[in-house]
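Observations on the three-dimensional arrangement
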Amino acid sequence: MTKTDSLYQKSYFNRITELKEYAPEAFQTFFAFNDKALAEGELSVKLKELIAVAVAHITGCPYCIDLHVGNAKKNNADKEEVTEAIFVATALKAGSAVAHGVNALNAFDEEEKDELYKASYFNRLTEFGDIDADTFKAFAAFDHKSIKAGKLTEKEKELIAVASAHTTGCPY
């Protein structure tokens, strides 16, 4: 692959320091915040990096994936823990799409409601099980399994899920 064919190369990430030239105060402020956010605290650096791995998979940033997987590994995360974090993110991203599906049901049924998002609309979620039971059951099983304790505890997975839910921006 020629350089012009590649959309992402690790070497391109090195150009991030060029932003310092154009907005030095914002650059320094962001990286000070970033360093503080990922520092040891109530949560370990390892768990924070696993959360960052999950979020990077939701945003789809290849640089963030590469960086945070490497940082998680440096902080003694193993491949199973990274995989579990990715599956939690996958479940939350898919769950967000399913949750938004209740709005699609409202639109399909030509509901004449001014409110596009109401907590009560979430009650329509079970209709997907009536429409396509096998797929809905498979999704629910995956969602349930992704949050169960494995190499990561259920609490750690719930923390990853909270960060993932914020990243998806799903009001449900």
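Before reading on, note that the structure itself is shown above.
The shown structure was predicted, so the numbers you read here are calculated from the model rather than taken from an experiment.

**Remarks on the overall build of the protein**
Looking only at helices and strands, the protein has nine helices and zero strands in total. Seen in sequence order, the protein has helices and strands lined up from the N terminus as α-α-α-α-α-α-α-α-α. Taking 2.2 N^0.38 as the reference for a compact globule, 172 residues should give roughly 16 Å; the C-alpha atoms of the protein span a radius of gyration of 20 Å, well beyond that estimate. By the burial criterion, 27% of the 172 residues in the protein qualify as buried.

**Quick word on unusual backbone geometry**
Positive phi outside glycine occurs at Asn76, with the angle close to 70 degrees. Inspection of the secondary structure puts Asn76 in the loop between α5 (62–74) and α6 (79–108).

**Thoughts on the state of the cysteines**
For the structure shown, the criterion picks out zero disulfides. Of the cysteine sulfurs around Cys61, a residue in no disulfide, the closest is that of Cys64, at 3.2 Å. Judged by its relative accessible area of 23%, Cys61 falls in the partly exposed class.

**A short note on the nonpolar core**
Ranked by internal contacts, the top residues of the largest apolar core, which has 17 residues, are Leu50, Ile51, Ala72, Ala77, Val82, Val88 and Ile160. Those elements giving two or more residues to this core turn out to be α4 (45–59), α6 and α9 (154–168). Considering each element in turn, this core owes the most residues, six residues, to α4. Setting aside anything within four residues of it in sequence, one finds Leu50 in contact with Ala72, Ala77, Glu81, Val82, Ala85, Leu152 and Ile160.

**Re the side chain of Ser164**
Tracing the backbone through its elements, the reader meets Ser164 in helix α9. We classify Ser164 as buried; its relative accessible area is 0%. When near neighbours in sequence (up to four residues on either side) are disregarded, Ser164 contacts Ala54, Ile58, Ala89 and Leu92.

**Concerning the pattern of salt bridges**
Going through the model one piece at a time under the given rule, you end up with seven salt bridges. Measuring nitrogen to oxygen at the nearest pair gives 3.4 Å for the salt bridge that ties Lys10 to Asp66. Of this pair, Lys10 sits in helix α1 (residues 10–13) while Asp66 sits in helix α5; the two residues are 56 residues apart in sequence, bridging distant segments of the chain. Residue class for Lys10 comes out exposed when judged on its relative accessible area of 63%. Notably, a salt bridge pairs Glu18 with Arg15, separated by 2.7 Å at the nearest N-O pair. Owing to a relative accessible area of 32%, Glu18 belongs among the partly exposed residues under this scheme. Among the charged side chains, a network of salt bridges with common partners joins Asp109, Arg124 and Glu127.

**Things to note about the packing of aromatic side chains**
The geometry of an aromatic ring pair is captured by the separation of the ring centres together with the interplanar angle, meaning the angle of the planes. Using the criterion set out here, one finds five aromatic pairs in the structure. Ring centres 5.0 Å apart and planes at 85 degrees place the aromatic pair Phe30 and Phe31 in the edge-to-face group.

**Some details on the environment of Ile160**
Following the sequence through the fold, Ile160 ends up in helix α9. By relative accessible area, Ile160 is classed as buried at 0%. Counting along the chain gives 113 residues from Ile160 to Leu47, while the straight-line C-alpha distance between them is 8.4 Å. Not counting chain neighbours up to four residues away, the residues in contact with Ile160 comprise Leu47, Leu50, Ile51, Ala54, Ala85, Val88 and Leu152.

About the cut-offs
Residues numbered from 1 in each chain as written. Predicted model: local features only at pLDDT ≥ 70, side-chain atom pairs only at ≥ 80, totals over all residues. Heavy atoms only, no water. Helix = DSSP H or I, 4+ residues; strand = E, 2+ residues; numbered from the N terminus. Rg over C-alpha atoms; globule rule 2.2 N^0.38 Å. Buried < 20%, exposed > 50% of the residue type's maximum accessible area, 1.4 Å probe, protein only. Disulfide = S-S within 2.5 Å. Core = buried A, V, L, I, M, F, W, Y, C linked by side-chain atoms within 4.5 Å. Contact = heavy atoms within 4.5 Å. Salt bridge = Lys/Arg side-chain N within 4 Å of Asp/Glu carboxyl O. Phe/Tyr/Trp six-rings, centres within 6.5 Å; stacked < 30°, edge-to-face > 60°.

All quantities given are derived from atomic positions and should not be read as evidence of function.
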